[in-house]
Amino acid sequence: SAFGVFSSLVLLFGVILEGALGTEPNAEYCKPPACTGSWLHPSPTTLYRVGDLPIVIGLVMVGFAGHAVFPTIRNDMEKKQHYGRMVD
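These numbers come from a predicted model, not from an experiment.

Asks: Can you walk me through the overall build of the protein in this structure?
Replies: When helices and strands are counted, the protein shows 4 helices and 0 strands. When the elements of the protein are put in sequence order from the N terminus, they spell out α-α-α-α. The burial tally for the protein puts 7% of its 88 residues in the buried class. When the accessible surface of the protein is totalled, it reaches about 8,000 Å², and 69% of it is carbon and sulfur.

Asks: Any chance you could explain the pattern of salt bridges here in plain terms?
Replies: Charged atoms that come close allow side chains of opposite charge to pair. The full count for this structure, using the stated rule, is 1 salt bridge. A salt bridge links D52 to R49; the shortest N-O distance between them is 2.8 Å.

Asks: Sorry if this is basic, but what is going on with the confidence of the model for the protein here?
Replies: Regions with low pLDDT should not have their predicted coordinates read in detail. On average, the protein scores 80 in pLDDT, and the residues at 70 or more come to 88%. No element of the protein has a lower mean pLDDT than helix α4 (residues 83–87), at 80, and none a higher one than helix α1 (residues 2–21), at 88.

Asks: Any chance you could explain a nonpolar patch on the surface here in plain terms?
Replies: A surface patch of nonpolar side chains, amounting to about 650 Å² of accessible area, comprises V5, L9, L12, I16, W39 and L40. With respect to the helices, strands and loops of the structure, I16 is situated in helix α1.

Asks: Sorry, what's going on with α1 here?
Replies: In an α-helix there are 3.6 residues to a turn, and that puts residues three or four apart on one side. Between its terminal C-alpha atoms α1 stretches 28 Å, which fits the 28 Å expected from 20 residues at 1.5 Å a residue. The element α1 is largely exposed, with a buried count of 1 among its 20 residues.

Asks: How should I be thinking about the environment of Y83 in this particular structure?
Replies: In this fold, Y83 is placed in helix α4. The residues touching Y83, leaving out its near neighbours within four places in the chain, are F70, R74 and M77.

Asks: Any chance you could explain the environment of P42 here in plain terms?
Replies: Looking at the element boundaries, P42 is found in the loop between α1 and α2 (53–65). Sequence-wise, P42 and G19 are 23 residues apart; in three dimensions their C-alpha atoms are separated by 9.4 Å.

Definitions and limits used
Once a new chain begins, its residue numbering starts again from 1 and follows that chain's sequence as written. Side-chain atom pairs in this predicted model are given and counted only at pLDDT of 80 or more, local residue features only at pLDDT of at least 70, and totals for whole chains, interfaces and linings cover all residues. Computation of side-chain values: all heavy atoms of the structure, hydrogens and water removed. Runs of H or I in DSSP of at least four residues are treated as helices and runs of E of at least two as strands, each being numbered from the N terminus. With a 1.4 Å probe rolled over the protein chains alone, any residue whose accessible area is under 20% of its type maximum counts as buried; one over 50% counts as exposed, and the rest are partly exposed. Accessibility throughout is a Shrake-Rupley quantity obtained with a 1.4 Å probe, and a residue counts as covered only by protein chains that appear here. Any carboxyl oxygen of Asp or Glu within 4 Å of a side-chain nitrogen of Lys or Arg constitutes a salt bridge here. Each residue gets a pLDDT score, which is the predictor's confidence in that residue and runs from 0 to 100. Patch membership needs two things, relative accessible area over 30% and no salt bridge, and members are linked within 9 Å if like-charged or within 5 Å if nonpolar (Val, Leu, Ile, Met, Phe, Trp, Tyr). Residue count minus one, scaled by 1.5 Å, sets the expected span of a helix. Residues count as neighbours in contact if any of their non-hydrogen atoms are within 4.5 Å of one another.

Spelled out as structure tokens, the structure:
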């Protein structure tokens, strides 16, 4: 819809603007390395952390495979008219 396209463009513009014009984080509220960065003042990052691998695998599995169970759940429900309420 037009509203969805407009919302996506506003979000994209906001992210690009914040990345390009972002300022140094306020040290009073944000202590490194927890601060977020921008293109001009990037935060220190690491390429990967082996300890986070199970979490990453789980999130990818839910994202790519989780939606496949919804039709099965609906078909197995005793009262199929409650499916919309269950998904919300």
